[in-house]
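# Residue-level structure breakdown
Below, each chain spelled out in residue letters.
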Amino acid sequence: MKILKFGGTSVGSSEAIKTLIDILRRETNGGEKIAIICSAMGGVTNKLISLGRQALHKEDFLTDLRSIEQRHYEIIRGLLKIENQNKALISVKLLINELEELLFGVKALGELSPGVNDKLVAYGELLSNQIIAEIVQQELGKSVFIDTRKLVITNSHFGNAQILENATYERIKAWKKTVGEAIPVITGFIAADESGRTTTLGRGGSDYTAAIFGAAMNATEVQIWTDVDGFMTADPRLVKKAYSLAELSYEEAMELSYFGAKVIYPPTMIPVISKQIPILIKNTFNPSHEGTRIHGATSQYSGIIKGIASVADVCLMNVEGTGIIGTKGFSGRLFTAIAHAGVNVMLITQASSEHSISIAINPADAQNAIEAIQSAFEFEIMQGKIAPPQISTGLSILAIVGENMRHATGLSGKLFSTLGRSAVNVVAIAQGSSELNISVVISRSDLAKALNSVHDSLFLSPVKTVNVYCVGTGNIGATLIDQLHAAKGYLESEHNLHIAIMGISNSRKMLIASESGIALDDWRNVLDAQGEPADLHRFMSEIIRLNLPNSAFIDNSSNKFVVSKYTDAFRNNISVITCNKIGNSDTWEQYLEFRKLARKNNVLYHYETTVGAALPIIKSLNDLLVSGDEIYRIEAILSGTISFIFNHYKEGRTFGDVVREAQAKGYTEPDPRDDLNGMDFARKMLILAREMGLPLEMKDIVISPILPENCLNAPSIDEFYEELDKSESYFAKARQDAANEGKVLRYIGKLEGGHIHISLQAVGFEHTFYSLGGSDNIIAFTTARYNQGPLVIKGPGAGPQVTAAGVFADIVKVASV
C-alpha cells in the first residue's frame, strides 16, 4: 500500500482536486492499493484561527464563516454530480453548524483555550476530507472517510501534541483489517487525547499523519503532494538558480526541513526511518516531475553539498560571565529553564574558554527566554558572576547540508572564504559531530547575497554568475558589451559562466537592472529609452544597495571622477576592473590605497588593460618579480596609436594624413594630441614603475615631445591638423635623417635605474623594435635571468576590440576565484 498526502494547495480549488483524482487514478490503474490524507483547503486553517480571534474579541465572525461555507459548497457543486451532492452538502452544513455553535461559545465565554482552538481548527480537515471522500467515491469507486481522532492518540499538549505510538499503531492496525477494497480518505493534522478531546499535531502535521499511517500499515511508500517540485538546493525566492534534488537521505531531509525548507514537516521522517519506508515529494501541479525521493542513504557520487537551508529571521541570545567557567551543570540549568519557557533552540555555540554561550532562537521567543534565564540565574546575576542575557536581532541562519560532507577536507574553508569575499560577516558558527551540517549566523540583510554566493561557490549552481556594472559606453565600453552579448551562449555551455550586466552608465544616461540583468540585444536603445539621467554617486549607491554576490565595477572611461568611486566599491566588497589609466597613475598614495583596500576586502583589482590592452604585460612583470627575478631595464612602445602612426609614415604620405587615418580607425582619442603629447604613454610607464615598487610621480618622468609647439598649442582640432600640415617638413626631416642611416623612427619609453625617459629615437635593424608593424605594442624586459636577450612581449596595442577583450578576460578572472 502507498500513502498519498495532499497539502492545502492540492485541494484548494476544483482544478486542483481534478488533478488529485487523476493522480489517484494513475496509481490505482497500476494495481496499487492506496490511502490518501488531505489537509484543509488552502488558507482555511488560517481563516479558522482568525474566526476564533474574532469571536474572542466579540467581533463579527459570521461573514467569514459564510465565506468558508460557500467555498466548500462551490467545490461540491462543481465536482459532484447532482445525484451525489446531497450527502456532501448535508455533511458540510452539519459541520458548519457545529463550528458556528463553538464560535458563539467562545464569544459568550470570552475565552479561547488551546484545547478549544485545536477543536476549532480541526474543522478544516473534517470539511475537506468528507467532500473529497465523496468525489473519490464518484470517480474511482468505493471510498471511506476516516476521522483520525478515532485512531491517532496523543498526549494533551494542545497545539503541538505528541503521539502515543503504541496505542495509535494498535488502533490503525485493527482498523486496516476493516477497510477492504475501499480507498481510505483520512484527515491529517488532527488527533485526540486519551480522554477523546481534539488535539492537533502542529502546523504541517498532515505530513506527520501520513508517516504514522505509513509506518503502522507497513506502506511501500509515502508520497507528499505539494506545490513545489520537491526539495530545492536553496530557497528559490532568494536563489533564482535553485533546482530540485532527485534524492535525499532521511537525515539530510530533516536538516533541510529544520532549517527553513518548508517542503515537509520535520518530524515526518521519524516514524518511517525505522522501517526504511521511502518518502516521495511530488508537485500536484507538475505531476510529471520526478520530485525528490527521501530514503535511507543517497549516492556517494551525488555531490558533497546537497542544499543550503536558511532561516530568515532569528535572534542570538548571549549568556556570558566568569560564573560559567568550570561550573558543572550550568548548561543543563540554562537549557532546562529555556525548555520550561517553551522556547525552541535552533543553534548553540560555546566559546572554548567556557566564558559565554550563544543560542539562536525565534525572535518571538526572545522575551520568554530572557525572563526564564533571569529567573533561573537570579542569584548569579545579582552577584555579577553572570551578565544579564543580551539579544542581537536582525539575523539569519544559513546552513549547508549533505551526508557526503563527512570527512570532506577544506569545505569549511571554502564556505568561509566565499562569505568573506562577499563581505558577509559571520556572527556565530555551529557544526555537529555528524558533520552533516555547518550552520552560520549572519546579518539578515546579507542573506540573499550569502545564499547566492555559497550556491555558486559550492558547485550547487550549474552556472556561476558574475554581476557587472559598466561605466563608459564609448568605443571600448560599447565593444565590451557587444562582446559579452556575443559570447553569452559559449560561456554558459563551455565554461558554466553567466556574466549578467546589471547596470550601464555613460555621461548622459544610466540604467540599473532589477533582477536578471539588462537584455543586450538592443542595449543602446534600451539605455536611451529607459535610462535615467546619469548620476554616478546614485549609480554606485544602487550597486551597494543591491548587494549582489560576485559583483564587479567596470570602468571603461578616462574620467577621474569615475576613479574616485573605486574606494566605495572596494569598501563594499565589489571588485574593480578598469582600462582607465588615471586610477593608478595619479598619486602614489592613491595607487597604494587602492591596492590596500582590495586586499583588505578580499576583492579583485584588475587593470591589465591600462598598459598594454589585451597583452599580458602587468601579469608578466608581476610573475618575474614574484619569482625573485631582478629587473634591470624595461624598454617599451606602449602606444598603439603612435606605433601605427610611425609604422605608416613612409615616403609618399604626410604625417597629418597618417594621423587622420589613425583617428578614423578609432586608434586615437577624440583629440589626437592626447596620444601624441606622450602623456598616455607616460602614464603606462609610471604604472609599470609602481608595480616594481618605485614611488615615482608624473613629474619624475622626462618626456621629449613628438609635436612642435605650434601643433600642441593649436586652439582646436581642425586648427591642429592645419598646423600639422604646415609642419610636415619637421616630420619629414626626422624620417629622412633616420632613413639615411638605415633606421626607422620609434617613440620609446625606458625605465632604468629608477628613472623614466620617453623620446623619439631612430633604431636600426639590430634593435628589437626595428621590425614593429601595424599598431603593435612591444615591451622588452632585461632582467637577471633574461640578461643575454630580453623577454619580449609583442602584439596589438590599440583599438577597441583588443582593449575590450582584455577587460573581458579580467571579468572572467573574477569568476575563477
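This structure is a prediction, so every number in the text was calculated from the model and none was measured.

### What about the overall build of the chain?
Helix and strand counts for the chain come out as 32 helices and 30 strands. Reported as C-alpha extents along the three principal axes, the dimensions of the chain are approximately 115 × 70 × 50 Å. Residues classed as buried in the chain amount to 52% of the 817 residues present. If you take every contact in the chain between residues at least 6 apart in sequence, the share linking residues at least 24 apart comes to 71%.

### Thoughts on the packing of aromatic side chains
This structure, assessed with the given rule, holds 20 aromatic pairs. Aromatic side chains phenylalanine 6 and tryptophan 225 sit 6.0 Å apart centroid to centroid with 20° between the ring planes, which places their arrangement in the stacked category. Residue phenylalanine 6 is found in strand β1 (residues 2–6), and its partner tryptophan 225 is found in strand β8 (residues 221–226); the two are separated by 219 residues along the sequence. Each member of the pair phenylalanine 6 and tryptophan 225 is classed as buried. Judged by centre distance (5.8 Å) and plane angle (85°), the ring pair of tryptophan 175 and phenylalanine 213 falls under edge-to-face. On the criterion of sequence distance, the pair formed by tryptophan 175 in helix α6 (residues 165–176) and phenylalanine 213 in helix α7 (residues 205–216) is long-range, its members being 38 residues apart. Summarising the burial analysis for this pair, tryptophan 175 and phenylalanine 213 share the class buried.

### Details of the sheet that holds strand β12 (residues 307–320)
The strand order across the open sheet formed by 6 strands is β13-β14-β12-β15-β17-β16, and the pairing between neighbours is antiparallel. Both outer strands of the open sheet, β13 (345–350) and β16 (426–431), are each paired with one neighbouring strand and no more. Pairs of neighbouring strands in the sheet enclose a mean axial angle of 30°, with direction left out of account. In terms of strand pairing, β16 meets strand β17 (residues 437–443) through 5 bridges, oriented antiparallel. By the bridge assignment, valine 426 is partnered in β17 with isoleucine 442. Along the sheet, helix α10 (residues 330–340) makes contact with β12, β13 and β14 (356–361), crossing β14 at roughly 25°.

### Looking at the packing of helix α25 (residues 640–648) against helix α26 (residues 655–664)
The geometry of α25 relative to α26 is characterised by a closest axis approach of 9 Å and an angle of 140° between their N-to-C directions. Relative to α26, α25 is oriented oblique. For the element pair α25 and α26, the recorded crossing hand is right-handed. Residues Phe644, Ile645, Phe646 and His648 of α25 lie in contact with α26, whose contacting residues are Phe655, Val658, Val659, Glu661 and Ala662.

### Section: the environment of alanine 598
The residue alanine 598 is located in helix α22 (residues 588–600) in this model. For alanine 598, a relative accessible area of 5% corresponds to the buried category. Note: C-alpha distance between alanine 598 and threonine 567 (31 residues apart in sequence) is 8.8 Å. Contact partners of alanine 598, with chain neighbours within four places excluded, come to Phe570, Val603 and Tyr605.

### Description of the side chain of threonine 609
When you line up the elements, threonine 609 lands in helix α23 (residues 609–612). Looking at threonine 609, its side chain comes within polar contact range of the main-chain oxygen of threonine 578, at 3.2 Å. If we ignore the near neighbours within four places in the chain, the residues touching threonine 609 are Thr578, Cys579, Thr803, Gly806 and Val807.

### Re unusual backbone geometry
Of note in the backbone geometry, phenylalanine 189 takes a positive phi value of approximately 80° without being a glycine. One can find phenylalanine 189 in the loop between β5 (183–187) and β6 (190–193). A relative accessible area of 6% means that phenylalanine 189 is categorised as buried. One non-glycine residue, alanine 613, lies in the positive phi region at around 55°. Within the secondary structure, alanine 613 sits in the loop between α23 and α24 (617–626). Classification of alanine 613 by relative accessible area gives buried; the value is 4%.

### Some points on α10
Those residues of α10 not exposed but buried are Phe330, Leu334, Ala337 and Ile338. What you see down the axis of α10 is that its buried residues fit within an arc of 95°, all on one side. Seen from the buried face of α10, the exposed residues on the opposite side, beyond 90 degrees, are Ala339 and His340. Looking at the buried residues of α10, the elements they touch are β12, β13, β14 and α11 (366–376). The positive-phi residue at the C-terminal boundary of α10 is glycine 342, with phi of around 75°.

### A few points about the pattern of salt bridges
In this structure the tally under the stated criterion is 44 salt bridges. Taking the shortest distance from any N to any O, the salt bridge between arginine 25 and glutamate 139 comes out at 3.5 Å. Placement of the pair is arginine 25 in helix α1 (residues 14–29) and glutamate 139 in helix α5 (residues 114–140), with a sequence separation of 114 residues. Here glutamate 139 falls in the partly exposed class, since its relative accessible area comes to 36%.

### Some remarks on the pairing of β14
Within β14, 6 of the 6 residues are buried, leaving the element largely enclosed by the surrounding structure. The two faces of β14 match: Ser356, Ser358 and Ala360 on one face and Ile357, Ile359 and Ile361 on the other face are all buried. Two strands pair when backbone bridges link them, and β12 and β14 are joined in this way by 6 bridges, in the antiparallel orientation. Its bridge partner lying in β14, valine 319 is registered against isoleucine 357. In this sheet, β14 lies alongside β13 in antiparallel orientation, the contact comprising 5 bridges.

### Observations concerning the nonpolar core
One finds Phe553, Phe655 and Ile811 to be the most contacted residues of the largest nonpolar core, which totals 103 residues. At 7 residues, helix α28 (residues 679–691) tops the list of elements feeding residues into this core. The residues touching phenylalanine 553, leaving out its near neighbours within four places in the chain, are Tyr469, Val471, Phe539, Met540, Ile543, Val562, Tyr566, Ala569, Ile574, Ser575, Val576 and Ile577. Counting residues in hydrophobic clusters, the runner-up holds 51 residues, among them Cys38, Ala40, Leu51 and Leu99.

### A closer look at the confidence of the model for the chain
Residues with a pLDDT of 70 or more make up 98% of the chain, whose mean pLDDT is 91. Predicted confidence in the chain is weakest over helix α8 (residues 250–258), with a mean pLDDT of 83, and strongest over β5, with 97.

### Focus on the side chain of aspartate 680
Structurally, aspartate 680 is set in helix α28. With a relative accessible area of 14%, aspartate 680 lands in the buried category. Polar side-chain contacts of aspartate 680 include one of 3.1 Å to the side chain of lysine 581. Every residue in contact with aspartate 680, bar those within four places of it in the chain, is listed here: Lys581 and Asp674.

Here is what the cut-offs are and how they apply
- Residues numbered from 1 in each chain as written.
- Predicted model: local features only at pLDDT ≥ 70, side-chain atom pairs only at ≥ 80, totals over all residues.
- Heavy atoms only, no water.
- Helix = DSSP H or I, 4+ residues; strand = E, 2+ residues; numbered from the N terminus.
- Buried < 20%, exposed > 50% of the residue type's maximum accessible area, 1.4 Å probe, protein only.
- Contact = heavy atoms within 4.5 Å.
- Phe/Tyr/Trp six-rings, centres within 6.5 Å; stacked < 30°, edge-to-face > 60°.
- Pairing = 2+ DSSP bridges.
- Axes fitted to C-alpha atoms, helices over the stretch in contact; angles between N-to-C directions.
- Parallel < 35°, antiparallel > 145°, perpendicular 65-115°, else oblique.
- Left-handed = near helix turned anticlockwise from the far one by under 90°.
- Polar contact = N/O pair within 3.5 Å; in protein donor to acceptor, adjacent residues only side chain to side chain.
- Arc of directions from axis to C-beta.
- Salt bridge = Lys/Arg side-chain N within 4 Å of Asp/Glu carboxyl O.
- Core = buried A, V, L, I, M, F, W, Y, C linked by side-chain atoms within 4.5 Å.
- pLDDT = per-residue confidence, 0-100.

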